[in-house]
Amino acid sequence: MAKQAKKRANKKSTAARRPRQAPKMLSDLFLETLKDIYYAENKIIKTLPKMAKAAHSKDLAAAFNKHLRETQGQVKRLEQIFRMLGKPARGKPCEAINGITDEGAEIMKDFKNAPALDAGLLAAAQAVEHYEISRYGTLRTWAEELGMPDAARLLQATLDEEEATDHALSELATSVINLEAEEEYRAAA
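Residues numbered from 1 in each chain as written. Predicted model: local features only at pLDDT ≥ 70, side-chain atom pairs only at ≥ 80, totals over all residues. Heavy atoms only, no water.

A. Structural detail: a negative patch on the surface. A cluster of like negative charges, contributed by D102, E103, E106 and D110, occupies part of the molecular surface. Inspection of the secondary structure puts E106 in helix α4 (residues 95–110). E106 sits in the partly exposed class, given a relative accessible area of 48%. (Patch = residues over 30% accessible without salt bridge, like charges linked within 9 Å, V, L, I, M, F, W, Y side chains within 5 Å. Areas by Shrake-Rupley, 256 points an atom, 1.4 Å probe, with all protein chains shown as cover. Salt bridge = Lys/Arg side-chain N within 4 Å of Asp/Glu carboxyl O. Lys, Arg positive; Asp, Glu negative; His and termini not counted. Charge placed at Lys NZ, Arg CZ, Asp CG, Glu CD. Helix = DSSP H or I, 4+ residues; strand = E, 2+ residues; numbered from the N terminus. Buried < 20%, exposed > 50% of the residue type's maximum accessible area, 1.4 Å probe, protein only.)

B. Main features of the nonpolar core. Membership of the largest hydrophobic core comes to 48 residues, with the highest contact counts inside it found for F30, L60, F64, I97, L121 and L155. Mapped by element, the contributors of at least two residues to this core are α2 (26–54), α3 (58–85), α4, α5 (117–145) and α6 (149–188). No other element matches α5, which puts 13 residues into this core. If we ignore the near neighbours within four places in the chain, the residues touching I97 are Y39, A40, K43, I44, V128 and Y131. (Core = buried A, V, L, I, M, F, W, Y, C linked by side-chain atoms within 4.5 Å. Contact = heavy atoms within 4.5 Å.)

C. Region of interest: the environment of A62. Topologically, A62 is positioned in helix α3. Taking relative accessible area as the criterion, A62 reaches 43% and is therefore assigned partly exposed. Taking the C-alpha atoms as reference points, A62 and A52, separated by 10 residues in sequence, lie 7.3 Å from one another.

D. Broad picture of the side chain of T47. Inspection of the secondary structure puts T47 in helix α2. For T47, a relative accessible area of 13% puts it in the buried group. There is a polar contact of 2.9 Å between the side chain of T47 and the backbone oxygen of K43. (Polar contact = N/O pair within 3.5 Å; in protein donor to acceptor, adjacent residues only side chain to side chain.)

E. Molecular detail of the packing of α2 against α5. At a minimum axis distance of 10 Å, the contact between α2 and α5 shows a crossing angle of 160 degrees. The angle between α2 and α5 places the two elements in the roughly antiparallel class. Of the two possible hands of crossing, α2 and α5 adopt the one that is left-handed. Residues of the contact of α2 with α5, tallied by class, amount to 19 nonpolar, one polar and six charged. (Axes fitted to C-alpha atoms, helices over the stretch in contact; angles between N-to-C directions. Parallel < 35°, antiparallel > 145°, perpendicular 65-115°, else oblique. Left-handed = near helix turned anticlockwise from the far one by under 90°. Nonpolar A, V, L, I, M, F, W, Y, C, P; charged D, E, K, R; others polar.)

Purely spatial values, then, with no claim about function.
In structure tokens, the structure reads:
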């Protein structure tokens, strides 16, 4: 019994010597989410050229290339925000974007030379856009709440681009890509 009491006392003593960790604040969450989207954008920069190359439709390849240029500008905006915070621009692995891009890679492999390839690529790209829209909307709101109007403005500019890209992809899907995939299917049947 005396040994157990001594062990408990030692544990309490050790715990008392450890500094207490400060509670996590919204500013901490903002920084962690900023790292997440920074990683995601850099992953997207590596993925978009592969998608553009795989696309059969010139319009879809052009849309991917246009968004690649926008994404490079979005990374620069994120780097500006890191500088505003006095933090290094570093990403942290984002399992969500890894999963979404893995699905896109699977579509490229499984539907290579298939009529539905472009429709699948476009759907994968929209999954990325929807993730980004969610992240940028949240970050913009937090920046406003944290009294960071310059960061909020930069995040809103990116959010506007992401929403415009999503809209353009939807338009391309419904006016061309999905119809071509269905026509090719019917022609083959």
